[in-house]
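The chain contents come next:
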Amino acid sequence: MSRRRATCSVQRGQASPHGDCDLKSVALSSTAALDARVKRTHPGALREILATNLRRIRAEKGLSQDALADLCEIDRTYISGVERGLRNISIDTLERLATGLRLEPWLLIRRPDADR
């Protein structure tokens with residue numbers, strides 16, 4: 001991705017015919033253009049299932065988020081984000097969470113009504 005540079009055509013010490021160069025608005029407009037190109041992810045049902053299962057299983061095992069984070073070598077704030085459905089985790093992270101909880105990874109993404 002190429003980066004645009006905001007430049008002002010006014011030399012130092014010279015007055016601009018249109019007033020001062022407004023670098024803030026130039027920076028904001030290029031940031032807005034960049035934001036429009038950034039891919040947005042929308043939480044799906046599976047992310048919510050993972051969040052619910054992770055929170056429930058961690059509590060059943062009597063682990064705090066800090067303790068699970070230590071077992072998985074993942075930051076506690078990341079685990080918090082997963083439990084709130086804010087993180088779109090990789091399959092590698094799913095495996096690390098399952099290993100820390102000593103269970104198979106598929107159990108973390110299993111629908112609650114799968115037993116029925």
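A quick note: this is a predicted structure, and the numbers were derived from the prediction, not measured.

Parameters at a glance
Numbers given to residues run from 1 along each chain, matching the order in which its sequence is written. Totals for whole chains, interfaces and linings use every residue, but because this is a predicted model, local features are given only for residues with pLDDT of at least 70 and side-chain atom pairs only at 80 or more, for both listing and counting. The side-chain figures draw on all heavy atoms in the structure; neither hydrogens nor water molecules are used. Residue-level confidence of the predictor is what pLDDT reports, using numbers from 0 through 100. Two residues qualify as a contact provided that any one of their heavy atoms is within 4.5 Å of a heavy atom in the partner residue. Within this scheme, the nonpolar core is defined by two criteria: the residues are buried Ala, Val, Leu, Ile, Met, Phe, Trp, Tyr or Cys, and they are joined through side-chain atoms within 4.5 Å. The buried label applies to any residue whose accessible area, calculated with a 1.4 Å probe on protein chains only, is under 20% of its type's maximum; exposed applies above 50%, and partly exposed to all values in between. For helices the rule is a DSSP run of H or I covering at least 4 residues; for strands it is a run of E covering at least 2, with both sets numbered from the N terminus onward.

Enquirer: Sorry, what's going on with the confidence of the model for the chain here?
Expert: Low-confidence regions, as indicated by low pLDDT, have predicted coordinates that should not be scrutinised in detail. Per-residue confidence for the chain gives a mean pLDDT of 79; residues scoring 70 or more make up 63%. Low pLDDT, under 50, characterises residues 1-8; the predicted model gives this stretch six contacts beyond four residues in sequence or across chains.

Enquirer: Quick question: what am I supposed to make of the nonpolar core here?
Expert: Looking at soluble globular proteins, one finds that nonpolar side chains tend to be buried together. By size, the foremost hydrophobic cluster in this structure holds 17 residues, and its most contacted members are L54, L68, I79, L97, L101 and L108. Taken together, the elements giving at least two residues each to this core come down to helix 2 (45-60), helix 3 (65-72), helix 4 (76-83) and helix 5 (91-101). In terms of residue count, helix 5 provides more of this core than any other element does, four residues in total. Contact partners of I79, with chain neighbours within four places excluded, come to L54, Q65, L68, A69, I74 and L97.

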